[in-house]
Amino acid sequence: MDKAYLVLADGTVFEGRAFGAEIESVGELVFTTGMGGYLETLTDESYAGQIVMQTYPLIGNYGVIPEDFEGHCAVKGYVVRQWCDGPSNFRCQGDLDAYLKEQGVPGLWGVDTRHITRLIREHGVMNAKLCREIPRDLEDIRRYAVTGVVAAESCKTPQTFPAQGEQKYRVAVMDYGAKRSIIAQLQARGCQVTVLPQDTPAEEVLALQPDGVMLTNGPGDPAENVYCIQQLKKLVGKLPIFGICLGHQLLALAMGGKTVKMKYGHRGVNQPVRDLTGDRTYITSQNHGYAVVSESLAGVGQVIFENANDHTCEGVAYPGKRCFSVQFHPEARSGPLDTRFLFDRFIAMMGGQD
């Protein structure tokens, strides 16, 4: 195996072994703590522009299973402690090395991911480079920024998916980098789903006469998506709206709120979220580096969920507007299924309940 390096923006170098595509790549280095679901991680388009590092040490042991993909692979690089080159699973259709080569994604294994995680937790997310030779000049690493990723990941033309069983409702899904599981959860509840490009004008959305609108997950800085926010302002109050992850953030911005970049974000399947309208705490799957500032929605929205660890905003309801949103992933794959009832809440809202 060839030597390869992870070079951080501060000049720190980690030597490991290369796998995947034989190219160099610069991205924002983030870590995710999930013990399973590496395929869902690699195909979650919310990671666009980022080099993803898994904290769980053994990755690739059950190979590549296309049925588990959430979208297409948009990561800039992949870093693991130990890569399994001999996967074993009855559903396996390939190995991780070949998949990364096919997707043009460089990988690095054999590095101390625990130590790197500690560095990110102390410093915060930082840019990094995967390369075969240590660069003398770090300028290209330091000036890198994740921009334009929502437009890059969104579909380019509308797509329609039928309801499972009897059709009850029609839902317009604004695709900011949508996970397939979101669409599947709606289909399973009797919804015909029309997935729309992120820049679809509000007038075209309303012309479809949907019963509700779903705002999906996606990558990057939510405040960058000015046009999307303008269109959401025109949709609020017109029909039921449910936002997830980036959709949650964009809805908050459309309602006059603010977002802030987090030190290292929430990425994993074990984030505890408190229900502020009841007495339960849910374990949730999350993948985001920005958060809604709760105080910025005072008098406009009601914060209904908060993170039990750092008290950041995890969900907002907008009284009288027939819309709500959550920062976490109720459709989680892989991850806990505790909060899938939120899809039922959306269905009930389309049926006339507040």
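Before reading further, recall that the structure is shown in the block above.
Overview of the structure. Here the structure is a predicted model, which means the values were calculated and not measured.

Observations concerning the packing of aromatic side chains
Inference 1: Taken as a whole and judged by the stated rule, the model has 10 aromatic pairs.
Inference 2: Between Phe19 and Trp83, the aromatic rings sit 4.9 Å apart at their centres with planes inclined by 20°, giving stacked as the arrangement. With Phe19 in strand 2 (residues 13-20) and Trp83 in strand 7 (residues 82-83), this pair connects stretches of sequence that are 64 residues apart.
Inference 3: When its relative accessible area of 2% is taken as the criterion, Phe19 is described as buried.
Inference 4: On the basis of relative accessibility, which here comes to 9%, the residue Trp83 falls in the buried class.
Inference 5: Taken together, the aromatic side chains of Phe242, Phe324, Phe343 and Phe346 make up a single cluster linked through ring pairs.

Concerning the environment of Ala188
Inference 1: Following the sequence through the fold, Ala188 ends up in helix 6 (residues 180-188).
Inference 2: Spatially, the C-alpha atom of Ala188 lies 17 Å from that of Ala178, the residues being 10 residues apart in sequence.

What to know about unusual backbone geometry
Inference 1: Put simply, Arg333 and Ser334 share a cis peptide bond, and its omega is -15°.
Inference 2: With respect to the helices, strands and loops of the structure, Ser334 is situated in the loop between strand 19 (323-326) and helix 10 (341-350).
Inference 3: Even without a glycine there, the phi angle at Gln209 is positive, about 55°.
Inference 4: Phi at His311 is positive, roughly 65°, even though this residue is not glycine.

Things to note about the sheet that holds strand 10 (residues 159-161)
Inference 1: Spatially, 10 strands are ordered 10-12-11-13-14-19-18-17-15-16 in an open sheet, and the strand pairing comes out mixed. Each edge of the sheet is formed by a strand with only one pairing partner; in this case those strands are strand 10 and strand 16 (281-292). Within the sheet, the average angular offset between the axes of one strand and its neighbour, ignoring direction, is 20°.
Inference 2: Bridge count between strand 10 and strand 12 (residues 191-197): 3 bridges; the pairing is antiparallel. Across the sheet, residue Thr160 finds its bridge partner in strand 12, namely Thr194.

Quick word on the sheet that holds strand 2
Inference 1: Strand order in the closed barrel formed by 7 strands is 1-2-8-6-4-3-9, and the pairing between neighbours is mixed. Averaged over all pairs of adjacent strands, the angle between their axes in this sheet comes to 35°, without regard to strand direction.
Inference 2: Sheet topology places strand 4 (residues 50-54) next to strand 6 (residues 77-80); 3 bridges connect them, and they run parallel. Looking at strand 6, one finds that Ile51 is bridged to Gly77.
Inference 3: Sheet strands in contact with helix 2 (residues 96-103) are strand 2 and strand 6, and its direction is about 90° off that of strand 2.

Parameters and conventions
Residues numbered from 1 in each chain as written. Predicted model: local features only at pLDDT ≥ 70, side-chain atom pairs only at ≥ 80, totals over all residues. Heavy atoms only, no water. Phe/Tyr/Trp six-rings, centres within 6.5 Å; stacked < 30°, edge-to-face > 60°. Helix = DSSP H or I, 4+ residues; strand = E, 2+ residues; numbered from the N terminus. Buried < 20%, exposed > 50% of the residue type's maximum accessible area, 1.4 Å probe, protein only. Pairing = 2+ DSSP bridges. Axes fitted to C-alpha atoms, helices over the stretch in contact; angles between N-to-C directions. Contact = heavy atoms within 4.5 Å.

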